[in-house]
Amino acid sequence: MNAPATSAAPKVGFVSLGCPKALTDSELILTQLSAEGYQTSKTFDGADLVIVNTCGFIDDAVKESLDTIGEALAENGRVIVTGCLGARQGDDGGNMVQNIHPSVLAVTGPHATHEVMEAVHKHLPKPHDPFVDLVPAQGIKLTPRHYAYLKISEGCNHRCTFCIIPSMRGDLVSRPIGDVLTEARKLFEAGVKELLVVSQDTSAYGVDVKYRTGFWDGKPVKTRMFDLVRELGELAKGFGAWVRLHYVYPYPHVDEVLPLMAEGLVLPYLDVPLQHSHPDVLRRMKRPASGERNQERIQQWRDVCPELVVRSTFIAGFPGETEEEFAHLLDFVREAQIDRAGCFAYSPVTGAAANELANPVPDELREERRARFMAVAEAVSAERLQRRVGATMQVLVDSAPGMGKKGGVGRSYADAPEIDGTVRLLPPQKISKTLKVGEFTKARIVAAEGHDLVAMPV
Ligand code: SF4
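Small disclaimer: the values here were computed from a predicted structure and weren't measured. (Residues numbered from 1 in each chain as written. Predicted model: local features only at pLDDT ≥ 70, side-chain atom pairs only at ≥ 80, totals over all residues. Heavy atoms only, no water.)

## Some thoughts on the sheet that holds strand β17 (residues 408-411)
Our working rule: Two strands make a pair as long as DSSP finds a minimum of two bridges between them. The way it works is that DSSP assigns letters per residue, a run of H or I at least four long becomes a helix, a run of E at least two long becomes a strand, and they are numbered from the N terminus. Whenever a helix is involved, its axis is fitted only over the stretch in contact; in every case the axis is a line through C-alpha atoms, and angles between N-to-C directions fall within 0 to 180 degrees.
Spatial ordering of the closed barrel is given by β16-β17-β18-β20-β19, a layout of five strands whose pairing is mixed. When the angles between neighbouring strand axes are averaged without regard to direction, this sheet yields 50 degrees. Strand direction decides the pairing type here: strand β16 (residues 392-399) and strand β19 (residues 440-449), joined by five bridges, are antiparallel. By the bridge assignment for β19, L396 is matched with F440.

## What about the packing of aromatic side chains?
Worth spelling out the cut-off: Only the six-membered ring of Trp is used, alongside the rings of Phe and Tyr, when aromatic pairs are assigned; centres must lie within 6.5 Å, and planes under 30 degrees apart are stacked while those over 60 apart are edge-to-face, with the rest tilted. Each residue is assigned to one of three classes by its accessible area relative to the maximum for its type, calculated with a 1.4 Å probe on protein chains only: buried under 20%, partly exposed between the two thresholds, exposed over 50%.
Counted by the stated rule, this structure contains eight aromatic pairs. Each ring, one from Y147 and one from Y149, has its centre 6.4 Å from the other, and the planes form 90 degrees; the classification is edge-to-face. Taking the relative accessible area as the measure of exposure, Y149 reaches 8% and is therefore buried. Summarising the aromatic geometry, the rings of W242 and F440 are spaced 5.0 Å apart at their centres and angled 55 degrees between planes, so their arrangement reads as tilted. On the criterion of sequence distance, the pair formed by W242 in strand β12 (residues 242-245) and F440 in strand β19 is long-range, its members being 198 residues apart. Judged by relative accessible area, which is 10%, W242 ranks as buried. Through a chain of ring-to-ring contacts, the aromatic side chains of F162, F318 and Y346 assemble into a single cluster.

## Side note on the nonpolar core
It is characteristic of soluble globular proteins that their nonpolar side chains tend to be buried jointly. Our working rule: Buried residues of nine kinds, namely Ala, Val, Leu, Ile, Met, Phe, Trp, Tyr and Cys, make up a nonpolar core once their side-chain atoms join them within 4.5 Å. Any pair of residues with heavy atoms lying within 4.5 Å of one another is described as a contacting pair.
Counting 57 residues, the largest nonpolar core has L245, L270 and F373 as the members making the most contacts within it. For this core, the leading source of residues is helix α7 (residues 225-239), giving seven residues. Beyond its immediate sequence surroundings of up to four residues, F373 is in contact with F314, F326, L329, L330, V333, A341, G342 and C343. Within the second largest apolar cluster, 20 residues are counted, among which are V309, V395, V397 and L453.

## A short note on the UniProt feature "binding site: [4Fe-4S] cluster 2" (unreviewed entry) in the protein chain
The condition that has to hold: UniProt positions are given in the numbering used here, feature names are shortened, and annotations may be inferred rather than shown by experiment.
Sites flagged by UniProt as "binding site: [4Fe-4S] cluster 2" (unreviewed entry) map to C156, C160 and C163. By the element assignment, C156 lies in the loop between β7 (153-154) and α5 (165-169). Exposure remark for C156: the relative accessible area of 9% places this residue in the buried category. Among residues more than four places away in sequence, those in contact with C156 are P166, G170, D171, L172 and Q200. Within the secondary structure, C160 sits in the loop between β7 and α5. Residue class for C160 comes out buried when judged on its relative accessible area of 10%. In this view, C160 contacts M285, K286, R287 and P288; residues no more than four positions away in its chain are not counted.

## Regarding the sheet that holds strand β1 (residues 11-16)
What the five strands build is an open sheet, ordered β2-β1-β3-β4-β5; its pairing is parallel. What marks the edges here is a single partner per strand, and that holds for β2 (39-41) and β5 (106-107). The pairing of β1 with β2 spans three bridges and is parallel. Looking at β2, one finds that K11 is bridged to Q39. Running at roughly 180 degrees to strand β3 (residues 49-54), helix α2 (residues 59-75) makes contact with β1, β3 and β4 (79-83) of the sheet.

## Details of the side chain of S199
Considering the arrangement of structural elements, one finds S199 in the loop between β9 (194-198) and β10 (213-216). Contact partners of S199, with chain neighbours within four places excluded, come to K21, I152, S153 and Y247.

In structure tokens, the structure reads:
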């Protein structure tokens, strides 16, 4: 076990696992640590203490989190655990992490900056002279400088039968709209060119506070998805930046946002986690928003905003799923022309209500259906990408060694970072043309390859 170092600025090793919501929790903790004068690092090397932000969603994520905690204990010995896994119960009703790794110093659930900092103060007292002015106004970010996640709420009021997130993160709590917009402005001022709005349920923003009127920039603004998106779009316009919406459930009021996309105020991109198409499966899943008219809804959205790109995730082999229900899902993906689809074979998460449902689908069949789903989804996606060949698109450059003289990699409005495809940029033909990370370039699409496009910067 490492003894705490005696240097003036104690060093905290930090490991961040899990989804973008967990990432934003990590950013808040890292920001606070830096504000108080702690040094932070991504390794355990020479750290006085390690914080592991965990994921507790599916079994693979639980294993990865537990393994990382074990590694941190073996290499460093002084470990604080936070995140979704920290909120999970063990078989005996106690805390799962503490049962498995009793030597951890402290365990908290997700979204718990205050509790994590209390544990840090207890085990690694804060330095006397914090250089608060060294912390950038936008806080510490784990993403590249040109894009950032903006979390607008925490928790969820739904109780989907396959999900245990509400038991870990609690019911919906929307952040005050003034705080969200202030954070967005700081991020744009710091050079962010793409803001990714995340939450458990973006369309539900403000439900918990009855769409209360807040204030921003001296004017009243309602805590409501439409108002938030409009304000973010207006703000982004001044910085020439993109706003991308994730985790949008198809409630009727989402229709109001489509004209803002058609106007170019926010990206015509919607990440809508549909999970299935068949009404009976959706009922067994207890999904929010009626799924019965989703195909029609998507068509109406495209009528209003023809450029719209729809990303979605689905579950194959949910308990009780019949071949007919699965065939309904395949037809849906084809007919709704989902641009980007991900699919998980149903995985029984410990503690999820769906585990009790009748007629579980055998493992092999779940996998087989996932593979069949992906074959159909990929064919739809490839066909839609092919249609872009010949078009000129705006591309945000993510990497461009040597000022792009040998080409680079970027993304168009149709590609969210990490989850969608990319645009491979060829070496520019014009000698004077350079590519810079975090800047936009126009590019003519010359080919589609799998999930990606190939383009010539112009
Ligand atoms: S909407 Fe459903 S799947 Fe999403 S976080 Fe809430 S309970 Fe989980």
